[in-house]
Amino acid sequence: MSASNITRLFVLPLCAVAVLSAAGCASTVPARIPLADKSVAVVPFSFRERRIDESEAGRMLATMLAGAISAGLEGDVTVKPPLPAREFYSGRPVDKVKAEGVTMVLDVDCLILGHIERFTTRDPGMVGTFRGALQFTLFVFDRRGRLLLSQGISATYPYRQMDPEFVPVMNMSEEEVKMRTLQRAADLASRLFYDCPTDRE
């Protein structure tokens, strides 16, 4: 089954999920798709006009997300490498991925893939300083290739207006800011899959 119906699913901003949970006085934000005791694979993301497996940033974000999910669940999840099912996703646009083929070959409960809409490391208003901004959409499929979730996510680095790390950022290379922005994006996305404390930034 392909992901051709992904554009029809309502996308709820990730920040809205946290706000709703916090308003209910919860100490944690419940997982949207709990992955505890389950198996999952994360395939490389597509990036603007580039298809899956054609972007270094897309591959790096997928790898970081897999690691962040495993860390967030403290190893209580099986994360499988997607390579054995490459024929079902590589070189395809995100809506042409054969989700059921991937889950069948890898024998996983969930498949995660995504599309990066925007990724920048330069702030036009700040000469000589790099600032990362990344926007992407995450798609989650079940074992039968059915779409469970479509979620828009935005990440920035530094991610606080008065972040004490801001001064060091002024001396960071563009590559380091790029890597930290990707990691921030992966960390935010991973929170969809485990209960996350509301005070975590």
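Bear in mind that the values here come from a model prediction, so they are computed numbers and not experimental data.

Basis of the calculations
Residues numbered from 1 in each chain as written. Predicted model: local features only at pLDDT ≥ 70, side-chain atom pairs only at ≥ 80, totals over all residues. Heavy atoms only, no water. Helix = DSSP H or I, 4+ residues; strand = E, 2+ residues; numbered from the N terminus. Buried < 20%, exposed > 50% of the residue type's maximum accessible area, 1.4 Å probe, protein only. Contact = heavy atoms within 4.5 Å. Areas by Shrake-Rupley, 256 points an atom, 1.4 Å probe, with all protein chains shown as cover. Salt bridge = Lys/Arg side-chain N within 4 Å of Asp/Glu carboxyl O. Phe/Tyr/Trp six-rings, centres within 6.5 Å; stacked < 30°, edge-to-face > 60°. pLDDT = per-residue confidence, 0-100. Pairing = 2+ DSSP bridges. Expected span 1.5 Å × (residues − 1). Core = buried A, V, L, I, M, F, W, Y, C linked by side-chain atoms within 4.5 Å.

### Focus: the overall build of the protein
Here comes step 1: Scanning the protein for helices and strands turns up 5 helices and 8 strands.
Here comes step 2: Its helices and strands taken in sequence order, the protein reads α-β-β-β-α-β-α-β-β-β-α-α-β from the N to the C terminus.
Here comes step 3: Among the 201 residues that make up the protein, the fraction classed as buried is 46%.
Here comes step 4: Sequence separation of 24 or more characterises 68% of the internal contacts of the protein that already satisfy a separation of 6 or more.
Here comes step 5: For the protein, the exposed surface amounts to about 10100 Å²; the carbon and sulfur share of it is 53%.

### A word on the pattern of salt bridges
Here comes step 1: One pass over the full model with this rule turns up 7 salt bridges.
Here comes step 2: With a closest N to O distance of 2.7 Å, Arg143 and Asp107 form a salt bridge. On the criterion of sequence distance, the pair formed by Arg143 in the loop between strand 6 (130–142) and strand 7 (147–157) and Asp107 in the loop between helix 3 (99–106) and strand 5 (110–122) is long-range, its members being 36 residues apart.
Here comes step 3: For Arg143, a relative accessible area of 36% translates into the label partly exposed.
Here comes step 4: Look at Asp107 and you get partly exposed, because its relative accessible area is 44%.
Here comes step 5: Close ionic contact of Glu176 with Arg180 constitutes a salt bridge, the shortest N to O distance being 3.2 Å. Taken together, the residues span about one helical turn, with Glu176 and Arg180 both in helix 5 (residues 174–190) at a distance of 4 residues.
Here comes step 6: Judged by relative accessible area, Glu176 falls into the partly exposed class, the value being 35%.

### Re the packing of aromatic side chains
Here comes step 1: Under the criterion given, the structure shown has 1 aromatic pair.
Here comes step 2: Arranged with centres 5.9 Å apart and planes meeting at 45°, the rings of Phe45 and Phe136 form a pair that is tilted. Of this pair, Phe45 sits in the loop between strand 2 (39–42) and strand 3 (46–47) while Phe136 sits in strand 6, and the two are 91 residues apart along the sequence.
Here comes step 3: The class of Phe45 is buried, set by a relative accessible area of 0%.

### Describing the confidence of the model for the protein
Atomic detail in the predicted coordinates should be set aside for any region of low pLDDT.
Here comes step 1: Predicted confidence across the protein gives a mean pLDDT of 84, with 79% of residues reaching 70 or more.
Here comes step 2: Low pLDDT (under 50) marks residues 1–13, which in the prediction has 36 contacts with non-local residues, meaning those over four places away or in another chain.
Here comes step 3: Counting interchain partners and residues more than four positions distant, the pLDDT-below-50 stretch residues 15–25 has 8 contacts.

### Here we look at the side chain of Ser39
Here comes step 1: Checked against the element boundaries, Ser39 lands in strand 2.
Here comes step 2: Those residues in contact with Ser39 that sit more than four places away from it in its chain are Thr78, Asp107, Val108, Asp109, Cys110 and Arg143.

### As for the pairing of strand 2
Here comes step 1: Along strand 2, one buried face is formed by Ser39 and Ala41 and the opposite face, lined by Val40 and Val42, is buried too.
Here comes step 2: Pairing of strand 2 with strand 4 (residues 78–80) involves 3 bridges; the strand directions are parallel. Paired with Val40 across the bridge in strand 4 is Val79.
Here comes step 3: Alignment of strand 2 against strand 5, held across 3 bridges, turns out to be parallel. Among the inter-strand pairings, Val42 is bridged to a residue of strand 5, identified as Ile112.

### Notes on helix 5
Here comes step 1: The end-to-end C-alpha distance of helix 5, which contains 17 residues, comes to 24 Å, matching closely the 24 Å that a straight helix rising 1.5 Å per residue would cover.
Here comes step 2: All of the buried residues along helix 5 are Val177, Lys178, Thr181, Leu182, Arg184, Ala185, Ala186, Leu188, Ala189 and Ser190.

### With respect to the nonpolar core
Here comes step 1: Grouped together as the largest cluster of nonpolar side chains are 36 residues, with contacts concentrated most on Phe136 and Leu138.
Here comes step 2: Contributions of two or more residues to this core are made by strand 2, helix 2 (56–72), strand 5, strand 6, strand 7 and helix 5.
Here comes step 3: Once residues lying within four places of it in the same chain are set aside, the contact partners of Phe136 are Phe45, Leu61, His115, Ile116, Glu117, Gln151, Gly152, Ile153, Ala185 and Ala189.
Here comes step 4: Listed in part, the 17 residues of the second largest apolar core include Ala41, Val43, Ala99 and Phe139.

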